[in-house]
Amino acid sequence: VLIAGLRRINQTEILQYNGTFLALLGLDQFPDQSPLRRFLKRLPVPAIRHLVRLHDQFRQQLFTLPKPRTRRTFDLDTVILTIDGHQQGARAGYNPQKRGRRSYPPIFCFEAHLQEFWHGSLRPGNAGVSTGIVFFVRRCLAKAPRKMARSRIRFRADAGFYGYRLISCRERVGCGYAVVARLHPNLKARARQCRFQRITPDWEVGQFRYEPHGWKTPHRFVVVRRPIPLGPVEARQLTLFQDRKYAYHVLVTNLKTHPWRAGLFYDQRANIEKDIRELLDDYPLAKIPTDDWTAHVAFFQIVLFAFHLVRWFKRLCLPRQYLPATLDTVRTDFLVLPAQLSHRGNRNVLLLPRGHHQQQQFLAAHQKIARLKLKEKI
């Protein structure tokens, strides 16, 4: 599907930029790393933009299946891709795990209800934590259906996305949000002093209105606190700020809901970390193959498209138990199968072993693929 999409670009232009394009179509043999690197380096910027548009158009059609969705919840996050070498655009920026190492800090948005990739951007290594985030959020919103009320769109993000410009951007368009607050001393003091309500034996919640320095209006802050665990290992794992008795978690939000529900809403954001971990472990997202920035962007977008194709395949064509399956599991059960390709009449026929344990699921997936109806013009 990916190659078919690329073929919609001017084929003469592609062949002009890369003599190995025919090899990518499966002729002769699969190319080794060197031709693939040359392919990425010669891929023109218009082709990369076309690939992103193609991805967006596929998402536009497949996201609504099997039924349209009436709301969106966008989870935002960043990750650090540490680089070995001197690749273009790599800098020694924010890298808490490997200080001083060159890296890229890409930014991602996933839609929470279906756990599907929504938008991603590769950034140079010297980009600040909040660099380009407002524009990124606007791009996420631009990909949402125009007829959908912006009040039915919500954002969740960690402290890297905390700031007045980003918060006010969401408020201007009418979106809901829950963002972890960056804990300055004044905000910590307010969090400790607010009135708490006990929800469970271990959890308490509170709220207050506060106008941080440089902000133009007061905002609602929700505080969730729990007693500090007695075990030293569990206590060290807490990423929240602590006093002698409690660990605190502070959110800024415009959701008109009980503070406890606002905290539960944010906690569901943890799924995006699993999605990014899948990109890093099961896909070659962190294996930057060239030293050229434009080629890096092309590689980044191709990996994201491949990830999403597999996610669509699992959601729309496979049994429900395969939704959390890894790429390796899907490959083993449905792609790396003993089979015989024969030619009957004018048709190619794939013959599976008689009585193969995945035969029924394989045939069911094939039938679901055949029933998928996409617009011919993509």
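Residue numbers here run from 1 along each chain, matching the order of that chain's written sequence. Two thresholds apply to this predicted model, a pLDDT of at least 70 for residue-level local features and 80 or more for giving and counting side-chain atom pairs, whereas whole-chain, interface and lining totals are computed over all residues. The side-chain numbers reported here are obtained from all heavy atoms of the structure, hydrogens and water having been left aside.

## Quick look at the overall build of the chain
Here is step 1: For the chain, the helix and strand inventory stands at 14 helices and 14 strands.
Here is step 2: For the chain, buried positions account for 45% of its 378 residues.
Here is step 3: Contacts are residue-level and defined by heavy atoms, with any inter-residue pair within 4.5 Å sufficient. For the chain, the share of sequence-separated contacts (at least 6 apart) that also reach a separation of at least 24 residues comes to 58%.
Here is step 4: When the accessible surface of the chain is totalled, it reaches about 21,400 Å², and 51% of it is carbon and sulfur. In this description a helix means any DSSP run of H or I spanning at least four residues, a strand means any run of E spanning at least two, and both kinds are numbered starting from the N terminus. Per-residue accessibility, obtained with a 1.4 Å probe over protein chains only, is compared with the maximum for each type, and a residue is labelled buried under 20%, exposed over 50%, and partly exposed between these values. We get accessible surface area from the Shrake-Rupley algorithm with a probe of 1.4 Å; when it comes to residues, only the shown protein chains can shield them.

## Concerning helix 13 (residues 327-335)
Here is step 1: Restricting attention to buried positions, one finds in helix 13 the residues Leu-327, Val-330, Asp-333 and Phe-334. On an axial view of helix 13, the arc spanned by its buried residues comes to 140 degrees, and they lie on one face.
Here is step 2: As for helix 13, its buried residues are in contact with helix 12 (293-317) and helix 14 (359-371). The directions considered for the arc are those from the helix axis to the C-beta atoms.

## Notes on the packing of helix 11 (residues 271-281) against helix 12
Each pair of packed helices can be summarised by the angle the axes make with each other and by the distance between the axes.
Here is step 1: As a rule, the C-alpha atoms of each element are fitted with a line to give its axis, helices using only the stretch in contact, and angles between N-to-C directions run from 0 to 180 degrees. Packing of helix 11 against helix 12 brings their axes to within 11 Å, and their N-to-C directions diverge by 115 degrees. For the element pair helix 11 and helix 12, the recorded crossing hand is right-handed. Residues Asp-275, Glu-278 and Leu-279 of helix 11 pack against Val-303, Leu-304, Phe-307, Arg-311 and Lys-314 of helix 12.
Here is step 2: Amino acid classes used here: Ala, Val, Leu, Ile, Met, Phe, Trp, Tyr, Cys and Pro are nonpolar; Asp, Glu, Lys and Arg are charged; the rest, including Gly, are polar. Among the residues forming the contact of helix 11 with helix 12, the class breakdown is four nonpolar, no polar and four charged. Put simply, a crossing is left-handed when the front helix is turned counterclockwise from the back one by less than a right angle, and right-handed when it is turned clockwise.

## Points about the nonpolar core
Here is step 1: With 46 residues, the main nonpolar core has Leu-40, Phe-108, Phe-110, Ile-276, Leu-279 and Leu-285 as its most contacted residues.
Here is step 2: No other element matches helix 12, which puts 13 residues into this core.
Here is step 3: Contact partners of Leu-285, with chain neighbours within four places excluded, come to Leu-81, Phe-108, Leu-279, Leu-280, Phe-299, Phe-300 and Val-303.
Here is step 4: Side-chain atoms within 4.5 Å are what join buried Ala, Val, Leu, Ile, Met, Phe, Trp, Tyr and Cys residues into a set we call a nonpolar core. One finds Phe-74, Cys-194, Phe-196 and Trp-215 within the second-largest nonpolar core, a separate group that totals 40 residues.

## Digging into the side chain of Asp-75
Here is step 1: By secondary structure assignment, the location of Asp-75 is in strand 1 (residues 72-78).
Here is step 2: In this structure the side chain of Asp-75 is engaged in a polar contact, spanning 2.7 Å, whose partner is the side chain of Arg-156.
Here is step 3: If near-sequence neighbours (up to four positions away) are discounted, Asp-75 is found in contact with Phe-108, Cys-109, Phe-110, Ala-112, Arg-156, Arg-269 and Ile-272. Polar contact criterion, stated in full: a pair of N or O atoms within 3.5 Å, where within protein one must be able to donate a hydrogen and the other to accept it, and residues adjacent in sequence count only if both atoms are side-chain atoms.

## Some remarks on the pattern of salt bridges
Here is step 1: Salt bridges are defined by distance alone: a side-chain nitrogen of Lys or Arg within 4 Å of a carboxyl oxygen of Asp or Glu. Here the structure, examined in full by the defined rule, presents 14 salt bridges.
Here is step 2: Ionic pairing is found between Asp-56 and Lys-143, a salt bridge with its closest N-O pair at 3.0 Å. Taken as a pair, Asp-56 in helix 5 (residues 45-62) and Lys-143 in the loop between helix 6 (133-142) and strand 6 (153-157) lie far apart in primary sequence, 87 residues in all. An identical accessibility class is assigned to Asp-56 and Lys-143; each is buried.
Here is step 3: A salt bridge links Asp-75 to Arg-156; the nearest nitrogen and oxygen atoms lie 2.7 Å apart. With Asp-75 in strand 1 and Arg-156 in strand 6, the pair connects residues that are 81 residues apart, well separated along the chain.
Here is step 4: For Arg-156, a relative accessible area of 3% puts it in the buried group.

## So, the packing of aromatic side chains
Here is step 1: Any two of the Phe, Tyr and Trp rings considered here, Trp counted by its six-membered ring, make a pair once their centres fall within 6.5 Å; the pair's planes then place it as stacked at under 30 degrees, edge-to-face at over 60, or tilted in between. Per the stated rule, a full pass over the model turns up 20 aromatic pairs.
Here is step 2: Considering the side-chain rings of Tyr-322 and Phe-334, the 5.2 Å spacing of their centres and the 70 degrees angle between planes classify their relative orientation as edge-to-face. With Tyr-322 in the loop between helix 12 and helix 13 and Phe-334 in helix 13, the pair connects residues that are twelve residues apart, well separated along the chain.
Here is step 3: Taking the relative accessible area as the measure of exposure, Tyr-322 reaches 7% and is therefore buried.
Here is step 4: Judged by its relative accessible area of 5%, Phe-334 falls in the buried class.
Here is step 5: Within the aromatic cluster, the residues linked to one another by ring pairs are Tyr-162, Tyr-164, Phe-208, Tyr-210, Trp-215 and Phe-221.
Here is step 6: For Arg-59, the ring lying beneath its charged end belongs to Trp-118, and the centroid distance is 5.4 Å.
Here is step 7: Working rule: Lys NZ or Arg CZ, within 6 Å of ring centre, within 35 degrees of ring normal, means a charge sits over the ring. One Lys or Arg, Arg-156, reaches over the ring of Phe-265 and ends 4.7 Å from the middle of that ring.

## A few points about the confidence of the model for the chain
Here is step 1: On average, residues of the chain score 81 in pLDDT, and 82% of them reach the 70 mark or higher.
Here is step 2: pLDDT is a per-residue confidence score from the predictor, ranging from 0 to 100. Taken together, the stretch residues 1-25 has pLDDT below 50 and engages in 41 contacts with residues farther than four places along the chain or on a different chain.

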